[in-house]
Amino acid sequence: MHIRSSFIGHRLTLGLALAGACAFAHAADFAGRGVFNFRSDAGCPFAALAGAGNDCNRLALDDADTRAALDGAAHTIRFANTRSYAEKTIVGDVLLQGSGQARSGQRVPLTFHALLSRSGTEWSVSSHAHSPLGDEFSDIRIDPYQVVVNDAGTDRVLLSADQVVEALAKPSLTARLANVLVQVDDNRTDGAKDADITIGLGLSKASKSVARARFRAPGAKGRELADAMRQGNWTLELQALSGKIPRQVVQRDLFLYGLEQQSLLQPLLQRGFHKNEKLVLGAANGKGYVRYDGQQREFAGADAAARAFLQDSFIGLVLGWQQQQQPASPQAKADGR
């Protein structure tokens, strides 16, 4: 499989997923720095991993000056912030989970991700879609949220529910219009089932590999991914193939995914990835761990982190999808996120 996707600056997320995120019902107010999960009525990409609550939608606040209100009945997420920023700064994000029907008739998990920023006192938003397959999609199923900001006392819609659906219907078009592409290669050979991808940036002939991601769960057979995770013997490995992954990308991901307080990862937090470094989450005989720079520490949240990673990130979405599919033939190619 060969997937082509847009890459908008800092959005090559290599971080692992949230461990110990707070989950909320359909109405809640949020203030201060934190990451919060809430219910997706449209379903989750890997429902068994999300748990009975289907709490796989995500809202993040990057600093103490940002507030948000979630109104599930009105399908509105409202952000407020009165601080003036000297330069463009990410202050929060929204991630919504859904699915769409590919032209083959197959139902495919889709994710919509919006980043909210402030420059001075002005709001801006950038958004993109994640898909494990390159295709156009119909029958989009996603919670119809709109994202609203309070601007000088007046509410303003930054993203409508229709805009979200439009982005999910044609993610490949967004990639081509961005004119900056991510290449994803399926590394599996000889019928191997463990998910294994290489991520490159640029057009196919000039693509430069920047990362490799692997997920190994020996107990997984086809769709029995959740059972394999519960067995407690698995690894999720991210390797930097370039030393040029932006440090701010790594820093924000460690925040988003509950790892910035891990003492072992403080060098990674401060300087970012060096070429060929690996970050590994895993479990052996039910005991979770984190491994980095040749050292390993116990990490009770490893299972929760990996489960969320497989849903929340583009890389995780592709790995999780691979784990449920047969290895692609060398000729199989697709365009998408």
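1. A look at the overall build of the protein chain
Here is step 1: Regarding its fold elements, the protein chain presents 8 helices and 21 strands.
Here is step 2: A fraction of 63% describes how many contacts in the protein chain between residues 6 or more apart in sequence connect residues 24 or more apart.
Here is step 3: Of the roughly 14400 Å² that the protein chain leaves accessible, carbon and sulfur atoms contribute 47%.

2. Some words on the pattern of salt bridges
Here is step 1: Tallied over the full model, the rule gives 20 salt bridges.
Here is step 2: Notably, a salt bridge pairs Arg252 with Asp62, separated by 2.7 Å at the nearest N-O pair. Separated by 190 residues along the polypeptide, Arg252 in helix α5 (residues 247-256) and Asp62 in the loop between β5 (57-61) and β6 (67-71) bring together distant segments of the chain.
Here is step 3: Judged by its relative accessible area of 12%, Asp62 is buried.
Here is step 4: Across the pair Arg107 and Asp139 runs a salt bridge, and its minimum N-O distance is 2.6 Å. Of the two residues, Arg107 sits in strand β9 (residues 107-120) while Asp139 sits in strand β11 (residues 138-142), which places them 32 residues apart along the sequence.
Here is step 5: Residue Arg107 is classed as partly exposed on the basis of its relative accessible area, which comes to 27%.

3. A word on helix α7 (residues 302-312)
Here is step 1: Among the 11 residues of α7, 9 are classified as buried, and the element is accordingly described as predominantly covered.
Here is step 2: Residues Ala302, Ala305, Ala306, Arg307, Ala308, Phe309, Leu310, Gln311 and Asp312 constitute the buried set of α7.

4. Considering unusual backbone geometry
Here is step 1: In the Ramachandran plot, His75 falls in the positive-phi region, its phi being about 50° despite a non-glycine side chain.
Here is step 2: Counting through the fold element by element, His75 comes out in the loop between β6 and β7 (76-80).
Here is step 3: Here His75 falls in the partly exposed class, since its relative accessible area comes to 22%.
Here is step 4: Of note, Ala152 is a non-glycine position whose phi angle comes to about 55°, a positive value.
Here is step 5: When its relative accessible area of 79% is taken as the criterion, Ala152 is described as exposed.

5. Describing the side chain of Asp196
Here is step 1: Mapped onto the elements, Asp196 comes out in strand β15 (residues 195-201).
Here is step 2: A polar atom in the side chain of Asp196 sits 2.6 Å from the side chain of Arg212.
Here is step 3: For Asp196, the residues in contact, after removing those within four places along its chain, are Asp185, Asp186, Asn187, Arg188, Arg212, Ala213, Arg214, Leu319 and Gln322.

6. A look at the nonpolar core
Here is step 1: Counting residues in each nonpolar core, the largest one holds 45 residues, and the members touching the most others are Ile197, Phe215, Trp234, Leu310, Ile315 and Leu319.
Here is step 2: One finds Phe30, Val108, Trp123 and Leu159 within the second-largest nonpolar core, a separate group that totals 34 residues.

7. Details of the side chain of Arg307
Here is step 1: For Arg307, the location among the structural elements is in helix α7.
Here is step 2: Within the structure, Arg307 has its side chain in polar contact with the side chain of Asp303 (distance 2.9 Å).

8. What about the confidence of the model for the protein chain?
Here is step 1: Chain-level statistics for the protein chain give a pLDDT mean of 83 and a share of 81% at 70 or above.
Here is step 2: The lowest-confidence element of the protein chain is strand β1 (residues 2-6), averaging 35 in pLDDT; the highest-confidence one is β7, averaging 97.
Here is step 3: Confidence drops under pLDDT 50 across residues 1-20; counting only partners more than four residues distant or on other chains, this segment forms 107 contacts.
Here is step 4: Contacts from residues 330-337, a stretch scored under 50 in pLDDT, to residues over four places away or in other chains number 31 contacts.

9. Comments concerning the sheet that holds β6
Here is step 1: Taken in spatial order, the 5 strands of this open sheet run β3-β6-β7-β12-β13, and their pairing is mixed. Strand pairing shows two members of the sheet lacking a second neighbour, β3 (27-31) and β13 (154-159), which therefore form its edges. On average, each strand axis in the sheet is tilted by 20° relative to the strand beside it, whichever way the strands run.
Here is step 2: As paired elements, β7 and strand β12 (residues 146-151) share 4 bridges and run parallel to each other.

10. Digging into the packing of α7 against helix α8 (residues 314-324)
Here is step 1: One way to put it is that α7 packs onto α8 with a least axis distance of 5 Å and a crossing angle of 95°. One way to sum up the angle between α7 and α8 is to call them roughly perpendicular. For the pair formed by α7 and α8, the contact residues are Phe309, Leu310 and Asp312 on the first element and Phe314, Ile315, Gly316, Leu317, Leu319 and Gly320 on the second.
Here is step 2: Of the residues in the contact of α7 with α8, the class split is 6 nonpolar, 2 polar and 1 charged.

What counts and what doesn't
- Residues numbered from 1 in each chain as written.
- Predicted model: local features only at pLDDT ≥ 70, side-chain atom pairs only at ≥ 80, totals over all residues.
- Heavy atoms only, no water.
- Helix = DSSP H or I, 4+ residues; strand = E, 2+ residues; numbered from the N terminus.
- Contact = heavy atoms within 4.5 Å.
- Areas by Shrake-Rupley, 256 points an atom, 1.4 Å probe, with all protein chains shown as cover.
- Salt bridge = Lys/Arg side-chain N within 4 Å of Asp/Glu carboxyl O.
- Buried < 20%, exposed > 50% of the residue type's maximum accessible area, 1.4 Å probe, protein only.
- Polar contact = N/O pair within 3.5 Å; in protein donor to acceptor, adjacent residues only side chain to side chain.
- Core = buried A, V, L, I, M, F, W, Y, C linked by side-chain atoms within 4.5 Å.
- pLDDT = per-residue confidence, 0-100.
- Pairing = 2+ DSSP bridges.
- Axes fitted to C-alpha atoms, helices over the stretch in contact; angles between N-to-C directions.
- Parallel < 35°, antiparallel > 145°, perpendicular 65-115°, else oblique.
- Nonpolar A, V, L, I, M, F, W, Y, C, P; charged D, E, K, R; others polar.

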